[in-house]
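This is what each chain is made of:
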Amino acid sequence: MYEGLEMRKVYADLLIDYAQKDDRIVLLEADLMSSTGTKAFKERYPDRIVNVGVAEANMMGIAAGLASMGKIPFAHSFTAFATRRAFDQVTISIAYSKLPVKIGGADPGVSAELNGGTHMSFEDAGIMRNLPGMTIVEPADSAQLAALLPQIIDHPGPVYMRLHRKNKEVLFAPGRSFKVGKIETLEAGEDVTIICSGMMVKPSLKAAEMLRKEGVRPRVLNMHTLKPVDAETIIRAARETGAIVTAENHSVLNAWGSAVAEVVTEHCPVPVFRIGIQDHFGEVGKSDFLMEKYHMTAQDIVHAAYAVMDKKRERR
């Protein structure tokens, strides 16, 4: 169903379908309709989309106004501009006011590729995680996006979505069920847990395959929702496997790795190794090159799994 389709194409088509059923849905863009794929929405509903130009902070203020009038606004830009550039407006006008604005951050982490360091935000999810009441989701493919989007629309508060617009990966069968706020178990295992999200799901599954060939039984968890944190599933994994690797397309500071470490430290201390950006700014490069440079490959996850399993044995 989604084979060969970019996530932005699927996303725009889904929004058109839901807008047909719900006239509260409106879109706001910051002069990036070609990039985010929402030109199709404009063609279908020209009176329900606003292009504010390169004025992201203003866009968030308009989105808040529309939400206060009963609309469900979707506001889009690259991750860097949807979060850090507009953070005060998101904080006060949207989060503080508890308004149901849905914010789409395009090309998270290394997927910004040739746009380079200015557009390559490694801190966007961490920034948004600080806001009370903010829900944060990162689908790994279009099937997962399709399962999560109706829940995002119905959610009464603000939501931040990390969307890899050019992603054509098909990891899950269409129609598979996913729940916002609930970690999905992709593979069962007892020796080590790999907790991943977004574009790190594929290398995590590859790492799990490599580990199984070497006699290791990894558990793979898809943490598609950063906030609220599914602490119950993380604690169970810590107790049952005794070692955790997190894999995120983001700085290891204040996002998936940090959230898991916080839960584990407070409830069931076990060794945790965080795969992700280690306190660096971004740079120009294709995703594969950057993932290798920042040690985010399947092989890096395998090395981390052995490291935490060694630490687990030392604790016995």
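Residues numbered from 1 in each chain as written. Predicted model: local features only at pLDDT ≥ 70, side-chain atom pairs only at ≥ 80, totals over all residues. Heavy atoms only, no water.

Describing unusual backbone geometry
Alright, step 1. In this structure, P228 follows K227 across a cis peptide bond, with omega equal to 5 degrees.
Alright, step 2. Its identity as a non-glycine residue notwithstanding, K98 has a phi of 55 degrees, on the positive side.
Alright, step 3. Mapped onto the fold, K98 is located in the loop between α6 (87–95) and β4 (102–106).
Alright, step 4. Given a relative accessible area of 67%, K98 falls into the exposed group.
Alright, step 5. Phi is positive for D279, which is not a glycine, with a value near 60 degrees.
Alright, step 6. For D279, the position within the fold is in the loop between β12 (272–277) and α12 (287–293). (Helix = DSSP H or I, 4+ residues; strand = E, 2+ residues; numbered from the N terminus. Buried < 20%, exposed > 50% of the residue type's maximum accessible area, 1.4 Å probe, protein only.)

Let's talk about the pattern of salt bridges
Alright, step 1. For the structure on display, the rule yields 21 salt bridges.
Alright, step 2. As a salt-bridge pair, E56 and R85 come within 3.2 Å of each other at their nearest N and O atoms. With E56 in helix α4 (residues 56–68) and R85 in the loop between α5 (79–82) and α6, this residue pair connects regions lying 29 residues apart in the sequence.
Alright, step 3. R85 gets classed as partly exposed once you look at its relative accessible area, which sits at 45%.
Alright, step 4. Each of D124, E138 and R162 takes part in one network of salt bridges that share partners. (Salt bridge = Lys/Arg side-chain N within 4 Å of Asp/Glu carboxyl O.)

Looking at the sheet that holds strand β8 (residues 192–196)
Alright, step 1. Strand order across the open sheet formed by five strands is β7-β9-β8-β11-β12, with mixed pairing between neighbours. With partners counted over all chains shown, the strands left at the sheet margins are β7 (184–187) and β12, one partner each. Mean inter-strand twist for the sheet, computed between neighbouring axes without regard to direction, equals 25 degrees.
Alright, step 2. Bridge count for β8 against strand β11 (residues 244–251) is four bridges, and the pairing is parallel. The partner of C196 across the bridge, within β11, is A247.
Alright, step 3. Sheet strands in contact with helix α9 (residues 201–213) are β7, β8, β9 (218–222) and β11, and its direction is about 170 degrees off that of β9.
Alright, step 4. Strand contacts of helix α11 (residues 256–267): β8, β11 and β12, with the helix running at about 145 degrees to β11, the strand carrying the most contacts. (Pairing = 2+ DSSP bridges. Axes fitted to C-alpha atoms, helices over the stretch in contact; angles between N-to-C directions. Contact = heavy atoms within 4.5 Å.)

Thoughts on the packing of aromatic side chains
Alright, step 1. This structure, assessed with the given rule, holds four aromatic pairs.
Alright, step 2. Arranged with centres 5.4 Å apart and planes meeting at 50 degrees, the rings of F41 and Y45 form a pair that is tilted.
Alright, step 3. Owing to a relative accessible area of 1%, F41 belongs among the buried residues under this scheme.
Alright, step 4. On the basis of relative accessibility, which here comes to 12%, the residue Y45 falls in the buried class.
Alright, step 5. Over the aromatic face of Y45 sits the side chain of R48, whose NZ or CZ is 4.6 Å from the ring centroid. (Phe/Tyr/Trp six-rings, centres within 6.5 Å; stacked < 30°, edge-to-face > 60°. Lys NZ or Arg CZ within 6 Å of the ring centre and 35° of its normal.)

Overview of the pairing of β9
Alright, step 1. Within β9, five of the five residues are buried, which leaves it mostly tucked inside the rest of the structure.
Alright, step 2. Judged by which residues are buried, β9 turns out to be covered on both faces: P218, V220 and N222 on one side and R219 and L221 on the other are all buried.
Alright, step 3. Of the strand pairs in this sheet, β7 and β9 are connected by three bridges, and their pairing is antiparallel. Residue T185 lies in a different strand from β9, and its bridge partner there is L221.
Alright, step 4. Pairing of β8 with β9 involves five bridges; the strand directions are parallel.

A word on α9
Counting along an α-helix, one turn takes 3.6 residues, and residues three or four places apart therefore face a common direction.
Alright, step 1. Here α9 spans 19 Å end to end across 13 residues, near enough to the 18 Å set by a 1.5 Å rise per residue.
Alright, step 2. Looking only at α9, the buried set comprises V201, P203, S204, A207, A208 and L211. Angular distribution of buried residues about the axis of α9 spans 160 degrees; they occupy a single face of the element.
Alright, step 3. The elements touched by buried residues of α9 are β7, β8, β9, β11, α12 and α13 (298–315). (Expected span 1.5 Å × (residues − 1). Arc of directions from axis to C-beta.)

Brief notes about helix α1 (residues 7–21)
Alright, step 1. Between the first and last C-alpha of α1 there are 21 Å, a value that for 15 residues agrees with the 21 Å anticipated at 1.5 Å per step.
Alright, step 2. Where α1 is concerned, the buried positions are M7, R8, V10, Y11, A12, L14, L15, I16 and A19.
Alright, step 3. Of the surrounding elements, those touching the buried residues of α1 are β1 (25–29), α2 (33–36), α3 (39–44), β3 (72–78), α8 (142–154) and β6 (159–163).

Remarks on the pairing of β8
Alright, step 1. In terms of burial, β8 is a largely internal element, five of the five residues being buried.
Alright, step 2. Here β8 shows two buried faces, one formed by V192, I194 and C196 and the other by T193 and I195.
Alright, step 3. In the classification by handedness, the crossover that spans β8, the intervening α9 and the parallel β9 is right-handed. (Right-handed = clockwise from strand over helix to strand, strands pointing away.)

Here's the deal with the sheet that holds strand β10 (residues 225–227)
Alright, step 1. As summarised here, the arrangement of the seven strands in space is β2-β1-β3-β4-β6-β5-β10, forming an open sheet in which the pairing is mixed. Strands with a single pairing partner mark the edges of an open sheet, and in this sheet they are β2 (49–51) and β10. The sheet shows a mean angle of 20 degrees between the axes of neighbouring strands, taken without regard to direction.
Alright, step 2. As paired strands, β4 and β6 are joined by five bridges and run parallel to one another. Counted as the bridge partner of A106 is L163 from β6.

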